[in-house]
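Working through the structure, step by step
Now for the letters of each chain:
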Amino acid sequence: MSLSYATLSHFPLRIGDATILRGILRIVPKGSGRKSRTSGDSAESRGDLVAGDGIIALAAVADIAVARDVTEALRDALDRQTPVVIDAAGVEELSTPCAQALASAAASFASANVAFAFRQPSDAFVAAFNRIGLFAAMMQWTFVE
Amino acid sequence: MDELDQLRQTYFQDCDELLGELESALMALDNGRADGDTLNDAFRAIHSIKGGADILHFDRLVRFAHTFESVLDRVRLGRLIVDPELASLMLRAGDAVADLVRAAQAGVEMPDGYENEIADALQSLAQAAGTDATIAPDDVREPAAPDEGAAAVGAPLRHYRILLSPPADLFRQGNEPQLLVRALERLGSVRTAADASALPPLASLDAEQCYLHWTIDVRTTAGLDAVRDVFDLAVDKGDLEVVELTDQPTGAVGAGTQDTVAAAVTPASTALPSDSSPAASPSGGSGQGAQLKAAPTVNSIRVDLEKLDYLVNLVGELVISQSMLAEQLSVLPTDKFPALSRSIEELTQHARNLQDGVMAVRTQPVKSVFARMPRLVRDLAVETGKNVRLLISGETTEVDKTVVEQLFDPLIHMIRNAVDHGIESPAERSANGKPAQGTVRLSAVHVGGRIVIQVADDGRGIDRERVRARAVERGLLNADAVLTEEQLDNLIFLPGLSTAATVSDISGRGVGMDVVRRNVERLGGRVLIRSVAGRGSTFYLSLPLTLAVLDGMVVGVGSETYIVPLTVIFESLRPQARDVHRLVGGGEVLYVRGEYVPLVYLGRTFGVPDATREPWDGLVMLVDADAGGKIGVVVDEIVGQQQVVIKSVEANYRALRGIAGATILGNGHVALILDVAGLAESVDGAVRPSAAA
């Protein structure tokens, strides 16, 4: 599925901007204590919530435990005013708590004028937002290649 | 327990109730007492079972329930007439559903093809009744396909609007709204809009809390019940409003393309916590929609039994603490502390009220058990070739949940006994001038602090000579023993005694009634029989309303304290030495008003060294040991009457003969609660001499 409606105009920065990428890389560096703490037992044991290389990759099964972890990671990023890209390519199931957390994050990042974007949302990701009734809200977000 | 486990647990709890409702409705159909409501009850039950099974992926159960549902729907539409054959088939189908539910619960598979014969029969009926009913025949043996399910092909398209305002802990309870939307999608087309106006900023977001409210529009040919049923498992009624819209929706989630939906949910409503814009839910809709905004009221909540038991336990501890406080107060001069004394009295009253209140939460009507008996009687009647009707009364009588659960087996035995042994064949009844149809009456009533359940039949009554002969033949009774009618009747409770001419699956193995008595006595209850030859027998089952507290008489034996359940005490007396007689071979009896009563010395039984040696130095409590039996319990003194909290000795140590449990007294000491029936067994076994010579 292609998402041609990515509204990059709302995104103050552009992919390829080295500053942003360095910022993204600082969110959850590989091997940091954060990974084990935020991933917790449920996510880390599945190896699904991989938060490495600076981009937060959503787990294949983004359940309530993932929602907790993502919320915490995003909260920290926002505290540091660090831009975030959510990689949603591997999502097979997106829980409502997770969708709700992303919706809250999108609004909070926008209010703080900190970049927040999604990358390669899977069909399941989009379908979940449709089913939850947050499809229109999702369409206002920024999507990057 | 993970979220799915929680959902499964809730589903199977619901299934217990739904299967009971289904069976009651099917029995009414079988009896020809069915009306539209009965059919709707049956349909609703099976539809709810199917809906939950669908969410949990119990596909085999879904397929069968779907088939069954299609037949029920045709009956509901008047396309099928319920004759005895169909009623019987539907009862079997109900059994099959119950078996499939139990198999799913146990995580096992029923044998291949187990339900096929019934499913084929149901499918044939459904097909014969026309193809334009609720479910297309081709679909009958297949899993519910999206956009079909309970939707009626050819029926007018209806538009329902669902306002869902779930509690904040929706997710913590293991519920996932998307599953509900998916289930709705099986009924028809669905448009969902979330109101995210309550969603807080990330800084204060609790990821496990639900901040969203939903407005869901469903266009389907299914009925209102089918739409509501989707939410049965996950949402309290108070959190849900479903209405059928007669006009075209003009709000956010009207019919149309996805783009229409997308446009309807404004970004402002979705997230920005600082934005005070109104909710995204339809605002310009009909007046009907506007009325739905009224705050819903929640009439009931589901509480985990463990939490309730914890509460009961805490209240029990509180009662014990209160008793201790009262005991401490009793050593103080009351005139010096009048306010303290009054406060303690009030505390006592409040603690008692609190205890009653908490215990009342655990009560359930006996209906859940009674409702399963009509089916039993029907099957027994078919099996024995007898014509029997069952009359039920008092099914709303409430009793502690634990007691309700324990009632099932004794009742089954007694009803089997009544139909198999009591009720005569139609020919025999006619020959004796009775109506060919026998009657079994099952009733429940509160008497004092107990529930009394009666199972009465108008059959032949207990054949006492035959019972006696069989007991002598089995070596259970001396041939020359002199017994009253009551004692003869009570012989049927002896293990191994059966007077049935042939052993059947129903009864007659002699393992039923003794088990009934033991189980009932274990619950602190009693069984009594009244039988009149040629006119029938009545079994009385008397049980405590709760197994957590007990009204007891505190008695002293030497330095020890025991509790005698108040309900078993007839009287207490100080005997004359001349009324106490020693028996040859050991044992003593007390002569009381023309009756010899065996004596049990608590001091000797439990090895209390400083106990009273002679009854005339202490007291004798005449107690009801079991049906028709009376014994005299010798104690040193009666301390007083008190409600005590029962603690299990068996669970904490091991079962002890003559001891039903333990409690903690106000002075902090542990007192044992007597099992009077167990004590009586220590006298001389099952049959005691008690008739005056």
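Notes on the structure follow. (Residues numbered from 1 in each chain as written. Chains lettered and ligands numbered in written order. Predicted model: local features only at pLDDT ≥ 70, side-chain atom pairs only at ≥ 80, totals over all residues.)

Remarks on the overall build of chain B
When you go through chain B residue by residue, the secondary structure sums to 22 helices and 22 strands. Burial statistics for chain B: of 693 residues in total, 41% are counted as buried. Sequence-distant contacts in chain B: of pairs separated by 6 or more residues, those separated by 24 or more amount to 71%. (Helix = DSSP H or I, 4+ residues; strand = E, 2+ residues; numbered from the N terminus. Buried ≥ 20, exposed ≤ 12 C-beta atoms within 10 Å, placed from the backbone. Contact = placed C-beta atoms within 7 Å.)

A look at the sheet that holds strand β10 (residues 526-532) of chain B
Residues and elements named next belong to chain B. Taken in spatial order, the five strands make up an open sheet running β6-β8-β9-β11-β10, and their pairing is mixed. Since the sheet does not close on itself, it has two edges, and those belong to β6 (388-393) and β10, each with one partner. Neighbour to neighbour, the strand axes of the sheet diverge by 15° on average, direction disregarded. Strand direction decides the pairing type here: β10 and strand β11 (residues 536-544), joined by seven bridges, are antiparallel. Bridging from a neighbouring strand, R530 pairs with T538 of β11. Of the strands in this sheet, β10 and β11 are in contact with helix α19 (residues 513-522), which crosses β10 at around 140°. (Pairing = 2+ DSSP bridges. Axes fitted to C-alpha atoms, helices over the stretch in contact; angles between N-to-C directions.)

Considerations on the environment of C210 of chain B
If you trace the backbone, C210 of chain B turns up in the loop between β2 (188-195) and β3 (213-220). If near-sequence neighbours (up to four positions away) are discounted, C210 of chain B is found in contact with P166, A168, L170 and F171 of chain B.

Quick notes on the nonpolar core
When a protein is soluble and globular, its nonpolar side chains tend to lie buried together. Ranked by internal contacts, the top residues of the largest apolar core, which has 119 residues, are L134 of chain A together with I46 and V97 of chain B. The dominant element in this core, judged by the number of residues it contributes, is helix α1 (residues 3-30) of chain B, at ten residues. Mapping this core onto the domain boundaries places at least three of its residues in each of domain 1 (3-139) and domain 2 (158-291) of chain B. The residues touching I46 of chain B, leaving out its near neighbours within four places in the chain, are L22, A65, F68, E69, L72 and V97 of chain B. The next biggest cluster of nonpolar side chains, apart from the first, holds 86 residues, and it includes V419, A471, V633 and L674 of chain B. (Core = buried A, V, L, I, M, F, W, Y, C linked by C-beta atoms within 7 Å. Domains from an automatic or database assignment.)

Structural notes on the sheet that holds strand β1 (residues 158-164) of chain B
All names here are of chain B. Spatial ordering of the open sheet is given by β2-β3-β1-β4, a layout of four strands whose pairing is antiparallel. Among the strands making up the open sheet, the edge pair consists of β2 and β4 (240-245). Between one strand axis and the next, the sheet turns by 15° as a mean value, whatever way the strands run. The pairing of β1 with β4 spans six bridges and is classified as antiparallel. Residue pairing for β4: Y160 is matched across the bridge by E244.

Observations regarding helix α4 (residues 96-111) of chain A
All names here are of chain A. In this model α4 runs 23 Å from its N-terminal to its C-terminal C-alpha over 16 residues, within 8% of the 22 Å that 1.5 Å per residue would give. α4 sits mainly inside the fold: 14 of its 16 residues count as buried. Immediately downstream of α4, the backbone of N113 shows phi near 60°, a positive value. (Expected span 1.5 Å × (residues − 1).)

Some details on the packing of helix α11 (residues 305-330) of chain B against helix α12 (residues 338-361) of chain B
All names here are of chain B. Two elements in contact, α11 and α12, have axes separated by 10 Å at closest approach and are oriented at 160°. Classed by the angle they form, the pair α11 and α12 counts as roughly antiparallel. Crossing geometry of α11 relative to α12 is assigned as left-handed. Side by side, α11 and α12 meet where L308, L311, V312, V315, L318, V319, Q322, L325, A326 and L329 of the first sit next to L340, S341, I344, L347, T348, A351, L354, Q355, V358 and V361 of the second. (Parallel < 35°, antiparallel > 145°, perpendicular 65-115°, else oblique. Left-handed = near helix turned anticlockwise from the far one by under 90°.)

Observations concerning helix α2 (residues 36-55) of chain B
Residues and elements named next belong to chain B. For α2, spanning 20 residues, the distance from its first C-alpha to its last is 28 Å, which sits close to the expected 28 Å at 1.5 Å a residue. Summarising burial for α2: 14 of the 20 residues are buried, a large majority. Immediately downstream of α2, the backbone of H57 shows phi near 65°, a positive value.

Section: the environment of L29 of chain B
Residues and elements named next belong to chain B. Structurally, L29 is set in helix α1. Residue L29 is classed as buried on the basis of its C-beta count, with 21 C-beta atoms lying within 10 Å. Measuring from C-alpha to C-alpha, the distance between L29 and V82 comes to 7.2 Å, with 53 residues separating the pair along the chain.

Digging into the environment of D35 of chain B
The topology assignment puts D35 of chain B in the loop between α1 and α2. Judged by C-beta crowding, with 10 C-beta atoms within 10 Å, D35 of chain B ranks as exposed.

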